[in-house]
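Remarks on the overall topology
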Amino acid sequence: MVSFIIAVGGLIMAFARTAPGDAYATLAKWQFEFKKHARKPLVLFGFAVVLVMSVVVYFWPSEVENGTDKALVTQLGANTLSTGPVSGGQVANNIINNFYGSAPTALREFSEDPATPITFSIGCMTFRPIGELLTSINSGKPTPFLSAQRADAAEPTPLISLYVKDGAIWADITLYSPQQKYNAFALRGTSFRKIAPNWDVNASNRAIEVVNENGVPILQLVRSSNSHLRIDGLFRAENSILFLGRGDTSLAITKGLEAKSYNPPPNFLPRLFRYPSSEYPREMVEPLPPRPPCTASSQGIMAISAGIVLPL
């Protein structure tokens, strides 16, 4: 009934905008065409079908609640699909919603582009491998980025090696004991070996941390994303120490007696995890402590095409 009223109203409005002579001519033409075809069986059958459907729709039962028609509707996401008689305004709203509304879909999570260039940070300095270094890293072979050249060794000793595996950048790391008698800690992929008896290690799916016998962090590796790693800590050699990321320093070396007697202070690196790890496995400090501020000049990205070898 509402639709019929809307149609008649539209017709009246159309004729109201038409000149009287044109309106009479249009009505006369319609009357002639109607008389010409009205007695055809197919036309009569069509009129009968329309009449029956109009009666059925008009008298279709509806639920009444507080004096207002309650639409028999089906909710589908943000759209309302009409399945029964509703008020005229609701019919219009449903038509608009169903025509313009988008199909309900699950929200997709943001994800990193697999083609994002790989980078890694040491302290406040960020490196982006290029050239042969990048080719070797992308091949999946552990590629030395930071190595120590000892005076009594023919070849440099890799301390940090990088490689790409399963769409992410990984780092193999080796720490020596203060007396350089053995490998105190070794990280290979997600597996580590801790031999130093008084050290402790705690880790999660995004970070790993090593603390010395005094509970001071001496190595931290944090995965910011599949394409970026952050590495901070210190690497000992027989007569020297290589510092990575202490305060605003990216790379620093201490040698001689000072290196042999050096013990990192409690604030050397802010702790990421709680200890002992046997009581707090994988439990990170909440909230994470702030990192030392970086100067503007140290926050750029440095392209690097070969690994770094430092004399220790």
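Here's a quick rundown of the structure.

Each value, and the rule that gives it
- Residues numbered from 1 in each chain as written.
- Predicted model: local features only at pLDDT ≥ 70, side-chain atom pairs only at ≥ 80, totals over all residues.
- Heavy atoms only, no water.
- Helix = DSSP H or I, 4+ residues; strand = E, 2+ residues; numbered from the N terminus.
- Buried < 20%, exposed > 50% of the residue type's maximum accessible area, 1.4 Å probe, protein only.
- Areas by Shrake-Rupley, 256 points an atom, 1.4 Å probe, with all protein chains shown as cover.
- Core = buried A, V, L, I, M, F, W, Y, C linked by side-chain atoms within 4.5 Å.
- Salt bridge = Lys/Arg side-chain N within 4 Å of Asp/Glu carboxyl O.
- Pairing = 2+ DSSP bridges.
- Contact = heavy atoms within 4.5 Å.
- Axes fitted to C-alpha atoms, helices over the stretch in contact; angles between N-to-C directions.

**Structural notes on the overall build of the protein**
Assigned secondary structure in the protein consists of six helices and 19 strands. Per-residue burial over the protein gives 31% buried out of 312 residues. Carbon and sulfur atoms form 60% of the exposed surface of the protein, whose accessible area is close to 19,900 Å².

**Quick notes on the nonpolar core**
Membership of the largest hydrophobic core comes to 46 residues, with the highest contact counts inside it found for F145, I160, I173, F185 and F235. By size, the runner-up hydrophobic cluster in this structure holds seven residues, among which are A207, V211, F273 and M284.

**Things to note about the pattern of salt bridges**
Considering all chains together, one arrives at one salt bridge under this definition. Here R274 ties to E283 by a salt bridge, and the two come within 2.8 Å at their closest N and O atoms.

**A few points about the pairing of strand 12 (residues 200-203)**
With four bridges joining them, strand 12 and strand 13 (residues 207-211) adopt antiparallel strand pairing. Each residue of the ladder has a partner; that of A203, found in strand 13, is I208. Between strand 12 and strand 13, which pair antiparallel in sequence order, lie three residues.

**With respect to the environment of L234**
Here L234 is to be found in strand 15 (residues 228-236). Residue L234 is classed as buried on the basis of its relative accessible area of 5%. Between the C-alpha atom of L234 and that of I253, which follows or precedes it by 19 residues, the distance is 9.5 Å. Every residue in contact with L234, bar those within four places of it in the chain, is listed here: L175, I218, I241, L242, F243, Y262, P264 and F268.

**Concerning the sheet that holds strand 10 (residues 183-188)**
Sheets are built from strands that pair by backbone hydrogen bonding, the pairs being arranged parallel or antiparallel. In spatial order, the strands read 11-10-9-8-7-19; together these six strands make up an open sheet with mixed pairing. Each edge of the open sheet carries a strand with a single partner, namely strand 11 (191-194) and strand 19 (308-311). Going across the sheet, the axis of each strand differs from the next one's by a mean of 10 degrees, ignoring polarity. Pairing geometry for strand 10 and strand 11, over four bridges, is antiparallel. In the sheet register, L187 faces strand 11, and the bridge partner there is F192.

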